[in-house]
Structure formats: structure tokens, C-alpha cells
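# Observations on chain architecture
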Amino acid sequence: MFGIAEVTKLFEGCIRGALIVFVLTIGIVALAGYAAGIKSSKGGNSMVKVSSDGPVLTKKVVCSKCAYELEYTGEDVKDVQGFIMGESDTSYYIVCPRKSCKKHVTVKAWW
Ligand SMILES: [Zn+2]
């Protein structure tokens, strides 16, 4: 039979053991979280996937010369630097694809 002293010692030993395991677990979790943080800040595990063959968002504008309706994407928008009242200004346009037109149709910035 164990005496009270032995039981108390055993109990203390268990507590100490549990505490060490607990601290180790916290340490490993913290380290793993830190490592994951470094990984994600590098953008190495981005889950973004391209799921279309090209841009799918389109806008429509009516050509100011031939009056045909044109549908375009952000990739069609060209920008041109200009000056208005002495200040630099960017304007945006698309080129009308109709052979007889080719008008630079002014559009708003895509973004
Ligand atoms: Zn046109």
C-alpha cells in the first residue's frame, strides 16, 4: 500500500508531466502557426484558380462614329496620357473593330 506521502509525490509527478506536455503542445502549435504565417505571407499557397479561357466581364458602348454597339473587356481598354488645364490626365478608349470605322471610342477607366 502507498502511504499519503507517496501518493502525493505520484500526483505531483503526474501534474508536472501533464504540464510539460501541455507547454510542448502549445509550443508546437505556436511554431506551426508561425510557419504557416510565413508561408501565407509569401503567397506560396494561394488557392486562386483561373476558371475561364478569357475575361468574362464585358461592358457595352455605342461607337460615337458608326453608332454600332460594341462589347469589350478590360483587356481592350487602352489608355492615353494627356494634359488638361496643365495637369496630366489619363483617358481611356477602345478601338472600334469595324473596318470602315476604327474610331477611338472614349470609355471610362475599367477599374
Ligand atoms: Zn465604329
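Reference entry: report on the structure contained in this document.

Reading the values: the criteria
- Residues numbered from 1 in each chain as written.
- Predicted model: local features only at pLDDT ≥ 70, side-chain atom pairs only at ≥ 80, totals over all residues.
- Heavy atoms only, no water.
- Donors = N, O, S within 2.8 Å, 3.2 Å for Na, K, Ca; no water.
- Tetrahedral: all angles 85-135°; square planar, octahedral: opposite > 155°, others 65-115°.
- Helix = DSSP H or I, 4+ residues; strand = E, 2+ residues; numbered from the N terminus.
- Buried < 20%, exposed > 50% of the residue type's maximum accessible area, 1.4 Å probe, protein only.
- Pairing = 2+ DSSP bridges.
- Core = buried A, V, L, I, M, F, W, Y, C linked by side-chain atoms within 4.5 Å.
- Contact = heavy atoms within 4.5 Å.
- Polar contact = N/O pair within 3.5 Å; in protein donor to acceptor, adjacent residues only side chain to side chain.

Let's shift gears to the coordination of the zinc ion. At 2.3 Å from the zinc ion lie its protein donor atoms, namely Cys-63 (SG), Cys-66 (SG), Cys-96 (SG) and Cys-101 (SG). The coordination sphere of the zinc ion comprises four donor atoms, whose angles at the metal cover 102 to 117 degrees; the geometry is tetrahedral. Expressed as a motif, the donor residue spacing for the zinc ion is C-x2-C-x29-C-x4-C. Pair noted here: Cys-63 is in the loop between strand 1 (59–62) and strand 2 (69–72) and Cys-101 is in the loop between strand 4 (87–95) and strand 5 (104–107), with a separation of 38 residues, a long-range link. Under the relative-accessibility criterion, Cys-63 is labelled buried at 2%. Relative accessible area serves as the criterion here: at 8%, Cys-101 is assigned to the buried category.

Before going further, it helps to examine the pairing of strand 5. Because side chains alternate across strand 5, one face comprises the buried residues Val-105 and Val-107, and the other comprises His-104 and Thr-106, none of which is buried. Pairing analysis gives four bridges linking strand 4 to strand 5, with the strands arranged antiparallel. The residue bridging Ile-94 from the neighbouring strand is Val-105, located in strand 5.

What follows concerns the nonpolar core. Core analysis: the biggest nonpolar cluster contains eleven residues, these being Val-61, Cys-63, Leu-70, Tyr-72, Val-77, Ile-94, Cys-96, Cys-101, Val-105, Val-107 and Trp-110. Contributing elements (two or more residues each) for this core: strand 2 and strand 5. Other than its neighbours up to four places away in sequence, Cys-96 contacts Cys-63, Cys-66, Leu-70, Cys-101, Lys-102, Lys-103 and Val-105.

With respect to the element layout, Gln-81 can be found in strand 3 (residues 78–84). When its relative accessible area of 54% is taken as the criterion, Gln-81 is described as exposed. Sequence spacing of Gln-81 and Ser-91 is ten residues, and the spatial spacing of their C-alpha atoms is 6.5 Å. If we skip the residues at most four places from it in the chain, Gln-81 touches Asp-89 and Thr-90. Side-chain polar atoms of Gln-81 contact the side chain of Thr-90, separated by 3.2 Å.

Shape descriptors only; they carry no functional weight alone.
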